[in-house]
Amino acid sequence: MSERFCEVALPVPLRRLFSYRVPAGFQHTVEVGSRVVVPFRNRVLVGVALEVSDEPRKAEGLKSVLDVPDVLPALTESVVRLGRWVAEYYLAPPGEVFRAVLPPVVEIRRERRFRLTAAGRERRRALGEAKIPPSNAEAAEAALLDAIADAGGEISGARIERLATKTRSEAALERLLAESLVEMHETAARRRVRGQRIAAWRKETPAENESEGRLRDILLAAGALPLAEAARRSGVARAAMDRLVRAGKIELWDEAPGIEREGIDPDEFAPVNELTGGQQRALEEIGEGIGSGEFRPGLLFGATGSGKTEVYLRATEAALARGRGAILLVPEIALTYAMGRQARARFGDRVAVLHSALGDAERSREWWRIRRGEATVVVATRLGVFAPVSPLGLVVVDEEQEASYKQEETPRYNGRDTAIMRAKLENAAVLLGSATPSLESFHHARQGKYRLLELGGRVANRPLAKVDVVDLRAEFEEQKRALPLSHALLDGLRECLDRGTQALVLINRRGYSWFVLCRACGATIECAHCSIALTYHKQRDRLVCHYCGYAIPVPRECPKCRSEYLYYFGEGSERIEEFLRGQFPRARVARLDRDTATSRHAFRKVLGAFARGDLDILVGTQMVAKGHDFQRVTLVGVVGADRALAVPDFRAAERAFQLLTQVAGRAGRGALDGRVLVESYHPDHYAIQHAARQDYPSFFEQEVRFRRLMHYPPFSALANVVVRDRSVERVVTWTRALAGYFQQCQAEGLRVLGPAPAPLARLKREHRYQFLLKSPRRSALVRALAGSVAFCAQKEIPDSSVLVDVDPVSLM
């Protein structure tokens, strides 16, 4: 049998593939898309084979593949092609891309081990034979060398590190490694898949007492249950369960742990109405695209409450009827809860859910259900765009305008644009849906690149909620003081509670207060690692940085001038929740933001309670603003609606309009009419005025003129290049070098803004400068960016210090 070789993408920040020899035992197992375990320097890594051939790129010194954990390649060929496109388009190292693409590695257990070198054995002998007492440092080194020698010359990393910590000799261990007296390497082994014990009662055996009878009834009713669950439900102790097993009354066996599913309450879903004319026409167009097997992108545009979700689900039915699968992407983890439950109510166990809040084992199980074809409908956040659905018939991107589809770390891909490319590679239909599309998508629809599928107004001819703008300037002039909520909003909430309906209050800022200001010297208390003020969180009694997580106790005096006159400025969601509890003590008030929704269970608990009517008022950040269908909500209040307009970003007005329109769409979705109160200090701003009328076409026409004038997307291709490092001197040196390179590119029609300090000039201890690149021709931008990568390699500027963000959604 001839030798085989493979080119492997490894999860390291290097822009290349690595060649490995395929041992004879794996030659029929390693295919394009297979996960492989390989040695890399002194480590063991899991990568993906992207090429398999009889000729290696590099002939000498090749290492061999250590293991192939899967019989079936983890990635389909189309997903491999998609990953390679992401690496090329977004200028990302291929290994970093495929780390995001692959399922979590739960089958392989890696262990660090330390072994003595020849020099280490010589040092140990010399220390043992020394005539003078050793120094403290030498004694620490000798103890570590002895421990490794006593273990046979090699010891596990956990054991030697425990010893170093116990004897406070961590520095000695670092010296031994630095002087090559000890070397560290990794080993890999298959992890035993942990199962769960399943219990079933043998029908022919009777129960002898009350507790046994209770256990018998529970197990016979369920058929079988995990042993721990059976013990919990019946109240029978594990020791008693073991006796019943020995007595032959209970039968036990092992199974892989199942995926947690919750019951489906039909009352949580909007009623299914007859299809409107717009829905019917959209489904016919989508069905034609799925049936033809051709790439056909469409933009589903309709008011909030116009029935887009029903179109998604029926289009999924059409794909399944033709033997093809579907991927439904949503922008937030919170939205996978409702969409996943609706999909499961329609399609049962054929639905898989993927998002980053799932544990590694659960994500891996869902991934392999998809790969084996057991699940053909995927509901997911942006990472689901890589789900190995095959054959793929439909990709849906709900709320396609959302910035959360863009990953803000390497690889910096946009889930929406990647979904379009996925559909193109697989000749599938792709459907972008929104009541407030991005300007780029709506422009493409106007230009004929996408089919524009318009739904019109709400289903069942329900009216849009009435929107009133509360002028906070006039409120302050009248009241001579500023309250957390306006009187108009408080009156609206009071009326809502009297009627027994529900209300949403949106404030797009976490915490209790925005920042702490010293009234004596004017200083704000800033993060030690970022150029941003710390946010006050009252429940934690901490000032917290929302970028790096740095936190300190609340000071009693100003750190600069020692004044005790500290002022807590601004209101966050925590403050609004407290204020509402004080104003309406009998109301059931809850808050949903990243501080309260620390797990998917917390999301489900709050959203489920609100959907069932167990809460009266829900305060939240933007995660409550979109995608949810709460039938009992008649009032939505928006606090600080114009704060988004102050962000130094060309998309600020677009984001403000989208957020206000989306949250306004949460009111009046059921049988009762809805009302929206928008608080603003700039009520005349065009974004707020158009949002109050929920008039997207008029906003688009006004905003697109600004974009055309300033050469912003959709009229130019855009890239943001950030140079970062902990040393400001290195950042300045590298920035000057890159400025010289980009200066030469301007002859090709490229416009370069900068360099300039980034809006967040220091982030996570790193100083940051940025360039903004614009070009009417994407080809010129691509050449300039590709050249900048080569230029940085030539000048030995580290890849990790230059962030290239193609098609950025934020310039912060």
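A brief structural summary. (Residues numbered from 1 in each chain as written. Predicted model: local features only at pLDDT ≥ 70, side-chain atom pairs only at ≥ 80, totals over all residues. Heavy atoms only, no water.)

## Some details on a positive patch on the surface
Among the surface-exposed residues, Arg16, Arg41, Arg43, Lys58, Lys63 and Arg110 lie close enough to one another that they form a single positively charged patch. Looking at the element boundaries, Arg43 is found in strand β4 (residues 43-53). In this structure Arg43 comes out as partly exposed when scored by relative accessible area, which is 36%. (Patch = residues over 30% accessible without salt bridge, like charges linked within 9 Å, V, L, I, M, F, W, Y side chains within 5 Å. Areas by Shrake-Rupley, 256 points an atom, 1.4 Å probe, with all protein chains shown as cover. Salt bridge = Lys/Arg side-chain N within 4 Å of Asp/Glu carboxyl O. Lys, Arg positive; Asp, Glu negative; His and termini not counted. Charge placed at Lys NZ, Arg CZ, Asp CG, Glu CD. Helix = DSSP H or I, 4+ residues; strand = E, 2+ residues; numbered from the N terminus. Buried < 20%, exposed > 50% of the residue type's maximum accessible area, 1.4 Å probe, protein only.)

## With respect to the pattern of salt bridges
Throughout the structure, instances matching the rule amount to 55 salt bridges. Between Glu288 and Arg296 there is a salt bridge, and its shortest N-O distance comes to 3.7 Å. Owing to a relative accessible area of 16%, Arg296 belongs among the buried residues under this scheme. Sharing partners across several salt bridges, the network here consists of Glu111, Arg113, Arg115, Glu154 and Glu183.

## What to know about the sheet that holds strand β16 (residues 429-434)
Reading across from one edge, β13-β14-β12-β15-β16-β11-β17 is the order of the seven strands in this open sheet, with parallel pairing throughout. Among the strands making up the open sheet, the edge pair consists of β13 (351-354) and β17 (451-456). Between one strand axis and the next, the sheet turns by 15° as a mean value, whatever way the strands run. Strand direction decides the pairing type here: strand β11 (residues 296-302) and β17, joined by five bridges, are parallel. Across the sheet, residue Gly298 finds its bridge partner in β17, namely Arg451. (Pairing = 2+ DSSP bridges. Axes fitted to C-alpha atoms, helices over the stretch in contact; angles between N-to-C directions.)

## Details of the packing of aromatic side chains
The full count for this structure, using the stated rule, is 23 aromatic pairs. In textbook terms, an aromatic cluster arises when at least three aromatic residues are bridged by ring pairs, as seen for Phe301, Phe442, Phe657, Tyr686, Tyr696, Phe699 and Phe700. Taking the ring centre of Tyr567 as reference, the NZ or CZ of Arg519 above it sits at 4.1 Å. One cation-aromatic arrangement involves Lys774 over Tyr712; the distance from NZ or CZ to the ring centre is 3.8 Å. (Phe/Tyr/Trp six-rings, centres within 6.5 Å; stacked < 30°, edge-to-face > 60°. Lys NZ or Arg CZ within 6 Å of the ring centre and 35° of its normal.)

## A short note on the nonpolar core
Ranked by size, the top nonpolar core spans 118 residues in total, and within it Leu75, Leu592, Leu738, Leu773 and Leu785 carry the most contacts. Leave out the neighbours within four places in its chain, and Leu738 touches Val721, Val723, Phe771, Ser788, Phe791, Cys792 and Val802. (Core = buried A, V, L, I, M, F, W, Y, C linked by side-chain atoms within 4.5 Å. Contact = heavy atoms within 4.5 Å.)

## Observations regarding the environment of Leu566
Relative to the helices and strands, Leu566 resides in strand β24 (residues 566-569). In this structure the C-alpha to C-alpha distance between Leu566 and Pro555, which are eleven residues apart in sequence, comes to 8.9 Å. Residues within four places of Leu566 in sequence aside, it is in contact with Val516, Leu517, Cys518, Pro555, Arg556, Glu557 and Cys558.

## Here we look at the side chain of Asp725
Tracing the sequence through the fold places Asp725 in strand β29 (residues 717-725). Among the polar contacts made by the side chain of Asp725, one reaches the main-chain amide nitrogen of Ser727 at a distance of 2.9 Å. Among residues more than four places away in sequence, those in contact with Asp725 are Arg730, Val731, Trp734, Glu766, His767 and Ser801. (Polar contact = N/O pair within 3.5 Å; in protein donor to acceptor, adjacent residues only side chain to side chain.)

## Quick look at the side chain of Glu654
Looking at the secondary structure, you find Glu654 in helix α20 (residues 652-664). Engagement of the side chain of Glu654 in a polar contact is seen with the backbone nitrogen of Leu439, the distance being 3.0 Å. Contacts of Glu654, omitting those with residues within four sequence positions, involve Pro437, Ser438, Leu439, Phe699 and Arg707.

## Details of helix α14 (residues 415-425)
Residue pairs spaced three or four apart in an α-helix point in one direction, given the helix's 3.6 residues per turn. Across the eleven residues that make up α14, a large majority, eight, are buried. Listed as buried for α14 are Gly415, Arg416, Thr418, Ala419, Ile420, Met421, Arg422 and Ala423. Buried positions along α14 lie against α1 (77-89), β12 (325-329), β15 (392-398), β16 and α15 (439-447). The N-cap residue of α14 is Asn414: its side-chain oxygen and the backbone nitrogen of Arg416 are 2.9 Å apart.

## Remarks on the state of the cysteines
Applying the stated criterion across every chain, the model contains zero disulfides. For Cys521, which is in no disulfide, the shortest distance to another cysteine sulfur is to Cys518 and amounts to 3.7 Å. (Disulfide = S-S within 2.5 Å.)

## Brief notes about a nonpolar patch on the surface
Together, Tyr547, Val647 and Met812 line one region of the surface with nonpolar side chains, adding up to about 230 Å² of accessible area. In this structure, Tyr547 sits in the loop between β22 (542-544) and β23 (551-553).

## Here we look at the pairing of β16
The element β16 is extensively covered by neighbouring structure, given that six of its six residues are classed as buried. Neither face of β16 is left uncovered, since the one carrying Ala429, Leu431 and Gly433 and the one carrying Val430, Leu432 and Ser434 both have all their residues buried. Where β11 and β16 come together, six bridges link them in parallel fashion. When the bridges of β16 are listed, Leu300 appears paired with Gly433. Two strands pair when backbone bridges link them, and β15 and β16 are joined in this way by five bridges, in the parallel orientation. For Val395, the partnering residue across the bridge sits in β16 and is Val430. A crossover connection joins β15 to the parallel β16 through α14; in handedness this β-α-β unit is right-handed. (Right-handed = clockwise from strand over helix to strand, strands pointing away.)

## Quick word on the sheet that holds β23
An order of β21-β22-β23 is seen for the three strands of this open sheet, with the pairing classed as antiparallel. Edge positions in the sheet fall to β21 (535-537) and β23, since each has one partner strand and no second. Shown here is a sheet whose adjacent strand axes are inclined to one another by a mean of 30°, direction ignored.

## Some remarks on the environment of Ser441
Structurally, Ser441 can be placed in helix α15. A sequence separation of 41 residues divides Ser441 from Glu400, and the C-alpha atoms of the two residues are 8.6 Å apart. Not counting the four nearest positions on each side in its chain, Ser441 is found in contact with Leu299, Glu400, Arg416, Leu432 and Tyr450. Side chain to side chain, Ser441 and Glu400 meet in a polar contact 2.9 Å long.

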